[in-house]
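Fold and contact review
In case you want the letters, here they are:
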Amino acid sequence: MDDRLFRNAMGKFATGVTVITTNVNDTIHGMTANAFMSVSLNPKLVVISIGEKASMLEHIKQSGTFTVNILSAQQQELSMLFAGQLKEKREVQFSDLQGAPTIEGALAQISCEVASTYVEGDHTLFIGSVKDIQLEEGEPLLFFNGRYGSLAVETTMQA
Ligand code: FAD
Ligand code: NAD
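Residues numbered from 1 in each chain as written. Chains lettered and ligands numbered in written order. Predicted model: local features only at pLDDT ≥ 70, side-chain atom pairs only at ≥ 80, totals over all residues. Heavy atoms only, no water.

- As recorded by an unreviewed UniProt entry, the protein chain carries the name Flavin reductase family protein and is attributed to Lysinibacillus varians.

In structure tokens form, the structure reads like this:
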């Protein structure tokens, strides 16, 4: 099957956008990712999927920890920076959640310890055991059809 067909199909699934951060030997690394999912409530687990070519793969293997930062609609430029889509390098000021590196202004900052690792095809799935959470108000950054977007109207539906 053609790669483009697969990516076009996956792109029909509208997602939020996260930046995964981790700290290795006092250096903080970030990477944009939309392959993120809630897995279990009891215990509290999430999953991220990291490509075999991403340097983040080795960083998480070394640190054994990662933070999922769910980006706000105002943070598209950060998404592009951490996806390697900006020409210039930028200095980023990270914040801290009980020692875990976080991105200020992200709607949710979820710090995790790696609970298990599964190599599947050309990606590695990291199951994260959630250690701490910080929430901020705001609207989410969205990704659909390979393009960024934001919510058109405020939703009033209750779960
Ligand atoms: P690098 O290439 O080392 O870093 C990525 C970029 O972040 C570089 O430009 C670097 O300068 C910058 N950066 C890193 N740390 C810092 C810092 N401390 N300060 C300032 N800048 C810094 N790939 C996946 O594997 N899984 C996914 O789920 C996924 N989802 C994506 C979703 C979207 C919407 C997009 C646009 C891309 C996604 N990608 C995903 C692709 C992934 O973001 C890129 O392939 C990325 O470039 C891989 O980064 P890397 O780990 O190799 O790190
Ligand atoms: P795109 O059209 O490549 O992405 C649409 C969808 O396809 C994504 O949301 C994702 O679900 C899927 N996808 C894309 N590349 C994938 C990969 N290598 N492995 C598994 N699933 C993948 O959108 P784009 O704007 O061209 O993406 C920008 C860059 O970011 C591309 O290089 C793309 O490969 C990469 N990306 C990677 C992943 C991932 O590895 N999970 C996810 C999104 C984007």
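Picking up where we left off.
**Observations concerning the nonpolar core**
- Ranked by internal contacts, the top residues of the largest apolar core, which has 15 residues, are Ile20, Ile48, Ile50, Ile60, Phe66, Val68 and Phe126.
- Residue assignment for this core shows that the elements contributing at least two residues are strand 3 (27-33), strand 5 (45-51), helix 2 (56-63), strand 6 (65-70) and strand 9 (108-120).
- If sequence neighbours within four positions are ignored, Val68 has contacts with Thr18, Val19, Ile20, Phe36, Ile48, Ala108, Gln109 and Ile110.
- Judged by nonpolar contacts, the second largest core, of seven residues, contains Val17, Leu71, Leu81 and Ile103. (Core = buried A, V, L, I, M, F, W, Y, C linked by side-chain atoms within 4.5 Å. Buried < 20%, exposed > 50% of the residue type's maximum accessible area, 1.4 Å probe, protein only. Helix = DSSP H or I, 4+ residues; strand = E, 2+ residues; numbered from the N terminus. Contact = heavy atoms within 4.5 Å.)

**Comments concerning the sheet that holds strand 1 (residues 15-16)**
- Spatial ordering of the open sheet is given by 1-11-12, a layout of three strands whose pairing is antiparallel. The open sheet is flanked by strand 1 and strand 12 (147-150), the only strands paired with a single partner.
- Of the strand pairs in this sheet, strand 1 and strand 11 (residues 141-144) are connected by two bridges, and their pairing is antiparallel. Bridge assignment links Gly16 to a residue of strand 11, and that residue is Leu142. (Pairing = 2+ DSSP bridges.)

**With respect to helix 2**
- Listing the buried residues of helix 2 in full gives Met56, Leu57, His59 and Ile60. Buried residues in helix 2, looked at end-on, bunch into an arc of 165°, giving them a common side.
- Residues of helix 2 that are buried make contact with strand 2 (18-24), strand 3, strand 5, strand 6, strand 9 and strand 10 (123-135).
- Gly64 sits one or two positions beyond helix 2 and adopts a positive phi of about 70°. (Arc of directions from axis to C-beta.)

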